[in-house]
Amino acid sequence: MKKYNLAILVDNKPGVLTHVSGLISRRAFNIESISAGYTEETDVTRINIEVSVEDKHELEQVINQLSKLIDIIKIVNLGEVDSIVRELVLLKVRANRETLKDIRNIVDVFRGKIVDISPENVVIEITGSQGKIEAICEMMAQFEIIEIARTGTIAISRGPVPVKNM
Amino acid sequence: MLMNGAQAILESLRREEVDIVFGYPGGAVLDLYDAVYQAKFPHILTRHEQGAVHAADGYARATGKVGVCFATSGPGATNLITGIATANMDSIPMVCITGQVGNPYIGKDSFQEADIVGITTPITKHNYLVKKVEQLPRVIKEAFFIARTGRPGPVVIDIAKDVFSTQFEYEYPKTVNLRGYSGEFTGKEEEIVAAVEAIKNAKRPLFFIGGGLTLSGQSRLFREVVKMSGIPVITSLMGLGCVPSSDEGFLGMVGMHGSYAANMAVQQCDLLITLGARFDDRVTGKLSAFAPNAKIVHFEVDKAEINKNVPVEYPVFGDLRWSMPIFLNLMIRSCDNYEKQIQEWREHVIAMNKEHPFAYNHEANTILPQQLIETVSKLVDDDTIVVTDVGQHQMWAAQFFNSRKPRQFLTSGGLGTMGYGLPAAMGAKLAKPEHKVVVFTGDGSVMMNIQELATMADNNIDVKIVLLHNSVLGMVYQWQKLFYGHRFSNTIMDTKVDFVKLAEAMGIKGVRIQGLDGFEANLQAALEGEGATLIDVILPPNEDVLPMVAPGAQLDNMVLGE
Ligand SMILES: Cc1ncc(C[n+]2csc(CCOP(=O)(O)OP(=O)(O)O)c2C)c(N)n1
Ligand SMILES: [Mg+2]
């Protein structure tokens, strides 16, 4: 299985997410993550999808089927262009006076931030590639991860050209 | 112009040249039906919403226009589901207008509330929930545009109850402005050039046509290509009628119950030139062994169909309305004397077809279903529209009825919906009153929308219903015979129903035909009589649809039963 990041520009209309998620389930596509948000244009929403596919052929199917949805304006495979891929993660980790210093050191190495602290735990904010996030999770496991919240990956191409002009 | 939402809908339908609507009223659409009443808008009250949606579908298939139906919220709308899915699978243009509970009640599990946009998302080309009356004209304009352009399909417009009664300043938009959908599907001419080049170099080319050819209205040009090139033709169930079944180079339907020659030709050809077909599993049999010696050309309006099931060497992406005229011209220019080049191949497939036609026992001492269809085919004129239900009778109709023109063989292909026949036939008859409409149905299928006999009777819709009464759910019975050791679980119908009396009770004529004595004369009289008639033809239960390619087997591995 190979993973690809797709950037999907859609009309900001009710029902759009129903249509996208409905199609994904109907065609039994494997989705690693999905997120959506407003863009520089008020009536356009950007949906970021990370798909898992067997091969190029399956990826082509995903893109062609999604393209058929009426409210999809544009769909670009960011795996095909040089792009930056990020995910934001909030980690709630067990902590006490003894472990706090070690935790802080690890967070620094990963260039994360401790954004909340209490006698029993810390909340760590970290962004990065999936590899980096897996690595910090592995390191934090020794202190006990109480909870994880992840946004799923979003991606943007390098250079001045936006997805809508690709 | 000041009007309310309900009036705005009817006005918009008029502008879309809708001349009839099928539907069923209820609480959420009271205002819409009040407008229908006041405007005397042509409307057929079916006896079930499923009848309405299939009737709209039959209307659309017979004409190529967008079929329209109305239903109320909740159960009214959910009763449309089978019909919407049927239309979606066969790419039929349709607009279904459903009432939704009023705005303040949405999301509260209110009386007769169902999430119709959610439910119909996987079975529509597009759908809308309209909560503000100002959106109505734009939404209706878009819905018709989406339904009929490109690869057609059903569009659902779900409308909150209060929208129907809200007054507003009505104006119908002149244009559609959808950023993600232009409705135009024009491809690259180089792709057609490459396809023609491949045809030029082929030794054993074969045309494979599907429902897309019917839908695009390009079968006339296609016939010209066939005539000038001599390339033999096979079809999917949905492509029947694009080429007359009696044409010499026409080898018939391909696939599970396809003809011997069609299936063998696929396996032997070196170029399969496909137009508007989607390589359904009922067509291909074992996918990895499909057309093993052939490269594939695929003319297709839906990009997602290219390479979906079979790898395509020569894709021609684009609407056939665009590609067909170019293709014909290129063929005329570059395939001079082509018939000579492929003469041996053509003669070979025609000989196969003559040697192994669809066959049945001509010496039987009862009426056989195949013979019944063949006889009807002989008795009716070239403009007759045939509609089928689903089962063995559907396959026999595909095999033994001589389909002569496009849009005259209406059948639920993709979804295989029992109960499609009667209502779709009504829709077809209302669309084409000057054409004879014959529906072939089964004793199982007919009961699934039997209530529509009342609609036929009350609206004088002259449909001739040929009931292939074999006392079994024949198609399932056949599978149980072949693959489940003759364990006929729930497929034998020793029913006490008297279909002739039932027809009469509903207000149409009923005739029974049993035994070979006077068979043809009685059949002819019933088909030529005035008014809707149910012809109950008693048949033996044991006939199989043959040839048959077992599911998952390859096409040249047919049970012939000769
Ligand atoms: C709505 C629906 N339910 C079930 C089926 C499965 N099915 C396919 S053919 C068939 C039997 C049809 O019986 P009948 O209408 O008598 O036709 P015959 O095969 O006997 O000609 C059944 C049950 C179906 N296609 N559609
Ligand atoms: Mg039957």
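Residues numbered from 1 in each chain as written. Chains lettered and ligands numbered in written order. Predicted model: local features only at pLDDT ≥ 70, side-chain atom pairs only at ≥ 80, totals over all residues. Heavy atoms only, no water.

Asks: Please give an account of the overall build of chain B that cites residues and values.
Replies: Looking only at helices and strands, one finds 23 helices and 22 strands in chain B. Compactness check: chain B gives a C-alpha radius of gyration of 24 Å against a globular reference of 24 Å for 562 residues, within 12% of the reference. Across the 562 residues in chain B, those meeting the buried criterion constitute 61%. Considering only contacts within chain B whose residues lie at least 6 apart along the sequence, 77% involve residues at least 24 apart. Summing over all exposed atoms, chain B offers an accessible surface of approximately 21500 Å²; the carbon and sulfur share of this is 50%. Averaging the coordinates of the 49 positive side-chain charges in chain B and doing the same for the 62 negative ones gives two points 3 Å apart. (Helix = DSSP H or I, 4+ residues; strand = E, 2+ residues; numbered from the N terminus. Rg over C-alpha atoms; globule rule 2.2 N^0.38 Å. Buried < 20%, exposed > 50% of the residue type's maximum accessible area, 1.4 Å probe, protein only. Contact = heavy atoms within 4.5 Å. Areas by Shrake-Rupley, 256 points an atom, 1.4 Å probe, with all protein chains shown as cover. Lys, Arg positive; Asp, Glu negative; His and termini not counted. Charge placed at Lys NZ, Arg CZ, Asp CG, Glu CD.)

Asks: Please set out the overall build of chain A residue by residue, giving values where relevant.
Replies: The helix and strand tally for chain A stands at 4 helices and 9 strands. The order of helices and strands in chain A, counted from the N terminus, is β-α-β-β-α-β-β-α-β-β-α-β-β. If one aligns the C-alpha atoms of chain A with their principal axes, the spans along those axes are about 55 × 35 × 30 Å. A buried classification covers 42% of the 166 residues belonging to chain A. Long-range contacts, defined here as pairs at least 24 residues apart, represent 74% of the contacts in chain A between residues at least 6 apart. Summed over its atoms, the accessible surface of chain A is roughly 9100 Å², and 51% of this surface lies on carbon and sulfur atoms. When the 21 basic and 24 acidic side-chain charges of chain A are each reduced to a single mean position, those positions are 3 Å apart.

Asks: How would you explain the domain arrangement of chain B if you had to name every residue and give the values?
Replies: All names here are of chain B. What the domain assignment reports for chain B is domain 1 (2-169), domain 2 (189-355) and domain 3 (369-543). Of note, the centres of domain 1 and domain 2, computed from C-alpha atoms alone, are 37 Å apart. The partner domain 2 presents 7 residues to the 8 residues of domain 1 that form the contact. Regarding the contact of domain 1 and domain 2, the summed buried area is about 630 Å², with carbon and sulfur atoms giving 54% of it. By the criterion of area lost to domain 2, the three top residues of domain 1 are D90, G150 and R151, representing 62% of everything that side buries. Joining domain 1 to domain 2, the criterion identifies 2 salt bridges. Of the charged contacts, one joins D302 and R151 as a salt bridge, the two residues approaching to 2.8 Å between their closest N and O atoms. Run the count over domain 1 and domain 2 and you get 2 residue pairs in polar contact (both at pLDDT 80 or more). Here the residues of the side of domain 1 that touches domain 2 are counted per class, giving 3 nonpolar, 2 polar and 3 charged. (Domains from an automatic or database assignment. Buried area = accessible area lost by both parts, 1.4 Å probe. Salt bridge = Lys/Arg side-chain N within 4 Å of Asp/Glu carboxyl O. Polar contact = N/O pair within 3.5 Å; in protein donor to acceptor, adjacent residues only side chain to side chain. Nonpolar A, V, L, I, M, F, W, Y, C, P; charged D, E, K, R; others polar.)

Asks: Provide a residue-level description of empty space enclosed by the protein, including the pertinent values.
Replies: Residue and element names in this part refer to chain B. Tallied over the entire structure, the rule returns 1 cavity of 30 Å³ or more. In this structure, the largest cavity spans a volume of roughly 40 Å³. If you go around the largest cavity, the residues you meet are D381, D382, T384, V386, F401, N402, S403, R404, K405, Q408 and F409. Here the residues of the lining of the largest cavity are counted per class, giving 3 nonpolar, 4 polar and 4 charged. (1 Å grid on protein atoms, 1.4 Å probe; cavity = no way out; pocket = protein on both sides within 12 Å on 5 of 7 lines; lining within 4 Å. Points joined across faces, edges and corners; volume = space filled by probe spheres on them.)

Asks: Account for the domain arrangement of chain A, naming residues and giving values.
Replies: Residue and element names in this part refer to chain A. Each assigned domain of chain A is listed here: domain 1 (2-81) and domain 2 (84-154). One C-alpha centre belongs to domain 1, the other to domain 2, and the line joining them spans 29 Å. Both faces considered, domain 1 and domain 2 share a buried interface measuring about 470 Å² in area, 35% of it formed by carbon and sulfur atoms. Across the domain 1-domain 2 interface, the total number found is 4 residue pairs in polar contact (both at pLDDT 80 or more). Among the elements of the structure, strand 1 (2-11), strand 2 (30-38) and strand 3 (44-53) are those that each provide at least two residues to the side of domain 1 that touches domain 2. Take the side of domain 1 that touches domain 2: its biggest share by element is 3 residues, from strand 2. Of the residues belonging to the side of domain 1 that touches domain 2, the class tally is 1 nonpolar, 4 polar and 2 charged.

Asks: Please give an account of the sheet that holds strand 19 (residues 509-513) of chain B that cites residues and values.
Replies: Residues and elements named next belong to chain B. The 6 strands lie next to each other as 16-15-17-18-20-19, forming an open sheet whose pairing is parallel. Of all strands in the sheet, those bounded by a partner on one side alone are strand 16 (409-410) and strand 19. The strands touched by helix 17 (residues 369-379) within the sheet are strand 17 (437-442), strand 18 (463-469) and strand 20 (533-538), with strand 18 carrying the most contacts at an inclination of about 165°. Here helix 22 (residues 499-506) sits on the sheet in contact with strand 18, strand 19 and strand 20, set at roughly 170° to strand 19. (Pairing = 2+ DSSP bridges. Axes fitted to C-alpha atoms, helices over the stretch in contact; angles between N-to-C directions.)

Asks: Account for the packing of aromatic side chains, naming residues and giving values.
Replies: Two numbers describe a pair of aromatic rings. These are the distance of the centres and the angle of the planes. Residue and element names in this part refer to chain B. Applying the stated rule across the entire model yields 16 aromatic pairs over all chains. On the basis of an interplanar angle of 15° and a centroid distance of 6.3 Å, the ring pair of Y170 and Y172 is categorised as stacked. Ring geometry for F208 and F279: centres 5.8 Å apart, planes at 65°, overall edge-to-face. Taken together, the residues span a long stretch of sequence, with F208 in strand 9 (residues 205-209) and F279 in the loop between strand 12 (271-275) and helix 13 (281-284) at a distance of 71 residues. Take F279: its relative accessible area is 2%, and that puts it in the buried class. Taken together, F207, F222, F299 and F327 form an aromatic cluster joined through their ring pairs. We note K303 situated over the ring of F317; from NZ or CZ to the ring centre the distance is 4.6 Å. (Phe/Tyr/Trp six-rings, centres within 6.5 Å; stacked < 30°, edge-to-face > 60°. Lys NZ or Arg CZ within 6 Å of the ring centre and 35° of its normal.)

Asks: Quick one: what's the story with the coordination of the magnesium ion (ligand 2), residue by residue and with numbers?
Replies: Residues and elements named next belong to chain B. Taken together, the protein ligands of the magnesium ion (ligand 2) are D443 (OD), N470 (OD1) and V472 (O), with distances of 2.1 to 2.2 Å. Counting gaps between the donor residues of the magnesium ion (ligand 2) yields the pattern D-x26-N-x1-V. One exposure class covers both N470 and V472, and it is buried. (Donors = N, O, S within 2.8 Å, 3.2 Å for Na, K, Ca; no water.)

Asks: Describe a nonpolar patch on the surface, listing the residues and the values that go with them.
Replies: A surface patch of nonpolar side chains, about 200 Å² in accessible area, is lined by V81, V161 and M166 of chain A. Looking at where M166 of chain A falls in the secondary structure, it is placed in the segment after strand 9 (154-157). (Patch = residues over 30% accessible without salt bridge, like charges linked within 9 Å, V, L, I, M, F, W, Y side chains within 5 Å.)

Asks: Before we move on, can you summarise the sheet that holds strand 4 (residues 67-71) of chain B with the specific residues and values?
Replies: Residue and element names in this part refer to chain B. Taken in spatial order, the 6 strands of this open sheet run 3-2-4-5-7-6, and their pairing is parallel. In the strand order of this sheet, the two ends are held by strand 3 (43-45) and strand 6 (126-130), each with one partner. In this sheet, neighbouring strand axes are inclined to one another by 20° on average, regardless of whether the strands run parallel or antiparallel. Where strand 5 (residues 94-100) and strand 7 (residues 154-160) come together, 7 bridges link them in parallel fashion. Bridge pairing in strand 7 places M94 opposite P154.

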